[in-house]
Amino acid sequence: MVKQVRKPLMAGNWKMHHNHFEAIQVVQKLAYRLEADDYDRCDVVVCPTLICLRSVQTVIESDRMTIGLGAQNCYFEEKGAFTGEVSAPMLAKMNVQYVIVGHSERREIFGETDEVVAKKTRAVLGAGMTPIVCCGETLEEREADQTTEKVSGQIKAAFHGIKADDIAQCIVAYEPIWAIGTGRTATSQEANDTIGVIRSVIRQMAGGAADQVRILYGGSVKPSNVSELMGMPEIDGALVGGASLDPDDFAKIIKF
Ligand code: PEP
C-alpha cells in the first residue's frame, strides 16, 4: 500500500452557503486556526459559491494563505451563448486550482449525465486545473448490491479517453448519496472498500496512475469521525460539506 506518498487533501464544499462577506470571514478564520505544520501534512481547499470566488481569491493571495481555491462547477465549453454559465478557462484565469465535477447534487437536481461529467472533467484538465470528480451510489443501489457497478460506471465514463498522466493529476471523491448531509456516514470499512474498487478501476484504465490519484471520502465527515476514516489505507482525504462551513470544525477536520 502506497498511501504515504499521497498527501492528504481536505476540501470544503460550501455549496450555496455564505455570501461574499461571510466567505471572506470564514477563510480568514480558517487560516488563523491553521499552522504551517497543518499545510505540510495536508492540502487544504475551499470551494465557495461562484460569486464569492473573486473575494476569497483576493484574500488568499493578499494574505499569502496556503489554502487552495476550488469552484463547485463549471461549463465544458470555452465561451459562447451559454447564459448563466462560467467556463473552465475563466476560472483558471482567476487562479482557481480545483473544480468539483459531477457532484451528486449537480447530477440529481440539475440532470448532469455521465457524458456531461466527462466533458467537464476534460475541460477542467484542459484549462490546467484539477478536477475533483465525484461518484457515489444511492441507498437503493447500495441495498441492491449495485455500489461497485454504479461507481465503476461513473469513473469509467468520467475518465474515458483521458491519458494516464492526466488521470494521475485528478482527484476523485467517493460520496455515497445516502451519507451526504444526512448525518449518516459510511463506515470507514465501507468507504475504504468502495474506494479500493474505484482505485482498481483507475488501475485498469491508467495503470500506475492509480497510485497517484487521491481519492477522498465525502458524506457527513465531522471532527468526530475524520480520524477513523483517515486511518484507512485507501482514504486520502475528505470532501466536506456541512462541517466545512464552520472554520472551527473544518480546522479540526484538517488537523485530524
Ligand atoms: C458534500 O456535499 O460533498 C458533502 C459531503 O456534504 P456533507 O459533508 O454535508 O455530507
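Data block above holds the structure.
Given the structure is predicted, the values throughout are model-derived calculations rather than measurements. (Residues numbered from 1 in each chain as written. Predicted model: local features only at pLDDT ≥ 70, side-chain atom pairs only at ≥ 80, totals over all residues. Heavy atoms only, no water.)

Chemist: Hey, could you run me through the packing of aromatic side chains in this one?
Modeler: When we look at a pair of aromatic rings, we describe it by the centre distance and by the angle of the planes. In total, this model carries three aromatic pairs according to the counting rule given. Aromatic ring contacts, followed pair by pair, group Y75, F76 and F82 into a single cluster. Here the basic side chain of R41 rests over the ring of F256, its NZ or CZ set 5.3 Å away from the ring centre. The ring centre of F110 lies 4.2 Å from the NZ or CZ of R106, which sits over that ring. (Phe/Tyr/Trp six-rings, centres within 6.5 Å; stacked < 30°, edge-to-face > 60°. Lys NZ or Arg CZ within 6 Å of the ring centre and 35° of its normal.)

Chemist: Explain the sheet that holds strand β4 (residues 98-101) here, please?
Modeler: Strand pairing in a sheet relies on backbone hydrogen bonds. The paired strands run either parallel or antiparallel. Read around the barrel, eight strands follow the order β1-β2-β3-β4-β5-β6-β7-β8 and close on themselves; strand pairing throughout is parallel. On average, adjacent strands in this sheet sit at an angle of 25° to one another, irrespective of strand direction. As judged from the four bridges shared by strand β1 (residues 9-13) and strand β8 (residues 237-240), these two strands associate in the parallel manner. Considered in β8, the bridge of A11 is made with L239. Most of the contacts of helix α8 (residues 147-159) go to strand β5 (residues 130-135), to which it runs at about 155°, and overall it touches β5 and β6 (171-174). Helix α12 (residues 247-254) contacts β1, β2 (43-47) and β8 of the sheet and is inclined by roughly 160° relative to β1. (Pairing = 2+ DSSP bridges. Helix = DSSP H or I, 4+ residues; strand = E, 2+ residues; numbered from the N terminus. Axes fitted to C-alpha atoms, helices over the stretch in contact; angles between N-to-C directions. Contact = heavy atoms within 4.5 Å.)

Chemist: Help me understand helix α10 (residues 188-206), please; the structure alone is not making it clear to me.
Modeler: Along an α-helix, residues three or four positions apart point the same way, because every turn accommodates 3.6 residues. Compared with an ideal rise of 1.5 Å per residue, which puts 19 residues at 27 Å, α10 spans 26 Å between its outermost C-alpha atoms and is within 8% of the ideal. Within α10, the full set of buried residues consists of S188, A191, N192, T194, I195, I198, R199, V201, I202 and A206. Positive backbone phi, at 55°, marks G207, one or two positions downstream of α10. (Expected span 1.5 Å × (residues − 1). Buried < 20%, exposed > 50% of the residue type's maximum accessible area, 1.4 Å probe, protein only.)

Chemist: Is there a simple way to think about the pairing of β2 in this case?
Modeler: On a regular strand, each side chain points to the face opposite its neighbour's, so the side chains alternate between the two faces of the sheet. A large share of β2 lies buried, amounting to four of its five residues. Bridge count between β1 and β2: five bridges; the pairing is parallel. Counted as the bridge partner of M10 is V44 from β2. With three bridges joining them, β2 and strand β3 (residues 67-71) adopt parallel strand pairing. Within β3, the position partnered with V46 by the bridge is L69. The β-α-β motif built from β2, the intervening helix α3 (residues 53-62) and the parallel element β3 has right-handed crossover chirality. (Right-handed = clockwise from strand over helix to strand, strands pointing away.)

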